[in-house]
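Here is how the chains run, residue by residue.
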Amino acid sequence: RGQVPDRMKKLRLNRLMRQQARISKEMNNKLSGKIIEVMVEDSSWGRTAADAPEIDGRVYLKSTPGEIVRARITGAKTYDLIGTCLPAGRSRFDVS
């Protein structure tokens, strides 16, 4: 008694996930053309300082794992970004 039917739960979850996907895509689109710092985790992708592993999206680019690079965002997907590495420059993480 007082429980929401399973069918209604699924409908609400699907509606919520569609809305979240639209919001995520909109936010990622706003990053297009921007320059961000990316910690490269694999030769084809990395994460920004704000991204948590296994939760947030990736930035797809080509670089050497372990590097922190500046990248220009050239495209956006629903949960991921596409970027191009920029020439080496001073990172805000450099201590030298």
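Located above this text is the structure these notes cover.
Everything in this summary refers to the structure shown in the same document.

### Looking at a nonpolar patch on the surface
- On the surface, a cluster of nonpolar side chains totalling about 410 Å² of accessible area is made up of L13, L16, M17 and Y79.
- Within the secondary structure, M17 sits in helix α1 (residues 6-30).

### Here's the deal with the packing of aromatic side chains
- Per the stated rule, a full pass over the model turns up zero aromatic pairs.
- Over the ring of W45 we find R58, and its NZ or CZ is 3.7 Å from the ring centre.

### Considerations on the nonpolar core
- I36, V38, V40, V59, L61, V69, A71, I73, A76 and L81 together form the largest nonpolar core, which totals 10 residues.
- Put simply, the parts of the chain that give this core at least two residues each are β1 (35-42) and β4 (68-76).
- By residue number, the principal contributor to this core is β4, which donates four residues.
- If we skip the residues at most four places from it in the chain, A76 touches K25, N28, N29 and L81.

### Topic: the environment of K77
- With respect to the element layout, K77 can be found in the loop between β4 and β5 (81-85).
- Once the C-alpha coordinates of K77 and R58 are considered, the two residues, 19 residues apart in sequence, prove to be 10.0 Å apart.
- If we ignore the near neighbours within four places in the chain, the residues touching K77 are K25, N28 and I82.

### Some remarks on the pairing of β4
- Taken together, the five bridges between β1 and β4 define a ladder with antiparallel strand orientation. Paired with V38 across the bridge in β4 is V69.
- Across five bridges, β4 lies against β5 in antiparallel orientation. Across the sheet, residue A76 finds its bridge partner in β5, namely L81.
- In this antiparallel pair of consecutive strands, β4 and β5, the connection spans four residues.

Reading the values: rules and limits
- Sequence order as written defines the numbering, with residues in each chain counted from 1.
- Per-residue local features are limited, in this predicted model, to residues with pLDDT of at least 70; the limit for side-chain atom pairs, both in listing and counting, is 80 or more; totals at the level of whole chains, interfaces and linings are taken over all residues.
- Computation of side-chain values: all heavy atoms of the structure, hydrogens and water removed.
- The patch calculation keeps residues exceeding 30% relative accessible area without a salt bridge and links them within 9 Å when they carry like charges or within 5 Å when they are nonpolar (Val, Leu, Ile, Met, Phe, Trp, Tyr).
- Note on areas: Shrake-Rupley with a 1.4 Å probe; residue coverage comes only from the protein chains shown.
- When a carboxyl oxygen of Asp or Glu is within 4 Å of a side-chain nitrogen of Lys or Arg, the pair counts as a salt bridge.
- In this description a helix means any DSSP run of H or I spanning at least four residues, a strand means any run of E spanning at least two, and both kinds are numbered starting from the N terminus.
- Classification of ring pairs rests on two measures: the distance between centres of Phe, Tyr or Trp rings, Trp counted by its six-membered ring, which must be within 6.5 Å, and the angle between planes, read as stacked under 30 degrees, edge-to-face over 60 and tilted in between.
- A ring is scored as having a charge over it whenever the NZ atom of a lysine or the CZ atom of an arginine sits within 6 Å of its centre and within 35 degrees of its normal.
- Each nonpolar core is a collection of buried residues, namely Ala, Val, Leu, Ile, Met, Phe, Trp, Tyr and Cys, held together in the definition by side-chain atoms within 4.5 Å.
- We call a residue buried when its accessible area falls under 20% of the maximum for its residue type, exposed when it is over 50%, and partly exposed in between, using a 1.4 Å probe and counting protein chains only.
- The contact criterion used is simple: two residues touch if any of their non-hydrogen atoms lie within 4.5 Å.
- Note on pairing: two strands pair once DSSP finds at least 2 bridges between them.

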